[in-house]
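Here is how the chains run, residue by residue.
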Amino acid sequence: MTASTTAPAEAQNTDAPVSAHIDPAAQVAAAGFVPVQTRSERPHSFEPTDFGAPTGREVNWKHTPVAKFGGLFTDEQGDEDAVTYGLGAAEAFLEPSADEKGPYGEFFRPEDLPSALAWKHSPRGLHIQIPAEAELDEPIIVPVEGKGADKRAFGQILIEALPHSRGTIVLAHSGSAQYAQNVEIIVRDGAKLTVVSLQRWEDDAVHASAHQATVGADATLRHFVISFGGGVVRVNPSVELTGAGSEGYLYGLSYADAGQHLESQVYLHHKGPHTKGDVLYKGALQGEGAHSVWIGDVLIGADATGTDSYEANRNLVLTEGARADSIPNLEIETGDILGAGHASATGRFDDEQLFYLQARGITEEEARRLVVLGFLTDIVQRLGIPALETELLAAIETELAEVSA
């Protein structure tokens, strides 16, 4: 197998440890043209030409409408100011990054073409750093606004929680654009970090985002992917629980309307001993052509003794013509664990729940509304951000009103 030992010169972070990247073509050749089946085996590279344009036959693209990503498969510089950031409170926590110093690329390794292009064509973007020992009582909200569906943008964001800090970062996406984004998340020892990626794009937006996180010893990451808007939205989080006693909680909420494609491919890798992980994604779908995709991969490594891990995906299909693809996967390389499991369920309304509510004088329409709210509110209430919870509950109510209409 041919492997390069450094990142490309134009993307090299001289302060970060060097790590190999794999040539996908060489990997396929070495494997005798046997396709990669598990997330842990996927190639990664800083060089876009190592990937080639997806055809839709690849294991990580086969559920995605690749034709709609054309602009994000093109190896050309994006449009200037296609996406803008509203910094606000985040300015107090920004670290200088123009000279490319700092931990960019300390952990992040692109796994697909849009991510490699974002690394190549975007300058060092935001570096939000929560100081050691700091405890932030209010979330830092970073609005990310697209300026038009005809504009292409590449972006990188680094979120770093220094040792024993605590804070919440919300990336709030709106407007419209063709946007490929890398988000690198580093949770140092003893830190507790919450990251929320909120997608409330216009209907013609295309968003491909790779989130990669590493969690240190006795540290905790709570990560949320909440997708309500956009034509095609693909947010793929990858989290490594590296340090002993680290914890990762990965939650997701999506509501797909007619013609929308909302996707998340989730990877949780238990590397250190006595780590704990919980993955729960829930989605609702309504309208002709509404499509959601969830692929969950959990790997419990050989050294991850004492691990406790569970992943689940639940989908509620509200109308005809909607489709949910749900694929949970679990790899275990050690038998010395506390527990591990996975589950997936996709279906329509529970007739018994509706009957129970209607038997108590509640109309069928109101009963359906209560069932959907109860199903999705579980994720909303885990946020711990009252203003955002109120906003999302209102958004769900608006979506339900469209079903009734």
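The following refers to the structure shown. Only a predicted model underlies this, so the values are computations on that prediction, with no experimental measurement involved.

We now examine helix H2 (residues 113–121). Of all the 9 residues making up H2, 8 are buried; the element is thus mostly covered by neighbouring parts of the structure. Elements that come into contact with the buried residues of H2 comprise strand S5 (140–161), strand S6 (166–187) and strand S8 (206–215). Of the residues that open H2, the one with a side-chain oxygen 3.0 Å from the backbone nitrogen of Ser115 is Asp112.

Helix H4 (residues 364–380) packs onto helix H3 (residues 351–358) with a crossing angle of 125° between their chain directions and a minimal axis gap of 9 Å. Here H4 runs oblique to H3, going by the angle between their axes. Like other packed secondary-structure pairs, H3 and H4 cross with a definite hand, here right-handed. Seen from H3, the contacting residues are Gln353, Leu354, Leu357 and Gln358; seen from H4, they are Glu364, Ala367, Arg368, Leu370 and Val371. Of the residues belonging to the contact of H3 with H4, the class tally is 5 nonpolar, 2 polar and 2 charged.

By size, the foremost hydrophobic cluster in this structure holds 53 residues, and its most contacted members are Val142, Ile169, Ile185, Val187, Leu193, Leu221 and Val239. With sequence-adjacent residues up to four places away left out, Ile169 is seen in contact with Ile128, Ile130, Ile140, Ile159, Leu193, Thr194, Val195 and Val196. Judged by nonpolar contacts, the second largest core, of 35 residues, contains Phe228, Tyr249, Leu253 and Val371.

Taken as a whole, this structure holds 17 salt bridges when the rule is applied. Taking the shortest distance from any N to any O, the salt bridge between Lys147 and Glu145 comes out at 3.5 Å. The class of Lys147 is partly exposed, set by a relative accessible area of 41%. Several salt bridges converge on common partners, so that one network encompasses Asp278, Lys282, Asp378 and Arg382.

All right, on to unusual backbone geometry then. With a phi close to 60°, His164 is a non-glycine residue in the positive phi region. Mapping His164 onto the fold places it in the loop between S5 and S6. In the Ramachandran plot, Asp218 falls in the positive-phi region, its phi being about 55° despite a non-glycine side chain. Relative to the helices and strands, Asp218 is located in the loop between S8 and strand S9 (220–227).

Another aspect to go through is the environment of Pro273. Counting through the fold element by element, Pro273 comes out in the loop between strand S12 (261–270) and strand S13 (276–285). Its relative accessible area of 28% is what places Pro273 among the partly exposed residues. Expressed as a C-alpha distance, the spacing of Pro273 and Ile300, which sit 27 residues apart in the sequence, is 9.8 Å. Excluding anything up to four places from it in sequence, Pro273 contacts Gly243, Ala244, Gly245, Asp303, Ala304 and Thr305.

Another point: the pairing of strand S4 (residues 126–130). When a strand is regular, its side chains alternate between the sheet's two faces. Within S4, 5 of the 5 residues are buried, leaving the element largely enclosed by the surrounding structure. Alternating residues of S4 divide into Leu126, Ile128 and Ile130 and His127 and Gln129, and every residue in both groups is buried. The sheet contact formed by S4 and S5 spans 5 bridges and is parallel. Bridging across to S5, Ile130 finds its partner in Ala161.

What counts and what doesn't
Residues numbered from 1 in each chain as written. Predicted model: local features only at pLDDT ≥ 70, side-chain atom pairs only at ≥ 80, totals over all residues. Heavy atoms only, no water. Buried < 20%, exposed > 50% of the residue type's maximum accessible area, 1.4 Å probe, protein only. Helix = DSSP H or I, 4+ residues; strand = E, 2+ residues; numbered from the N terminus. Contact = heavy atoms within 4.5 Å. Polar contact = N/O pair within 3.5 Å; in protein donor to acceptor, adjacent residues only side chain to side chain. Axes fitted to C-alpha atoms, helices over the stretch in contact; angles between N-to-C directions. Parallel < 35°, antiparallel > 145°, perpendicular 65-115°, else oblique. Left-handed = near helix turned anticlockwise from the far one by under 90°. Nonpolar A, V, L, I, M, F, W, Y, C, P; charged D, E, K, R; others polar. Core = buried A, V, L, I, M, F, W, Y, C linked by side-chain atoms within 4.5 Å. Salt bridge = Lys/Arg side-chain N within 4 Å of Asp/Glu carboxyl O. Pairing = 2+ DSSP bridges.

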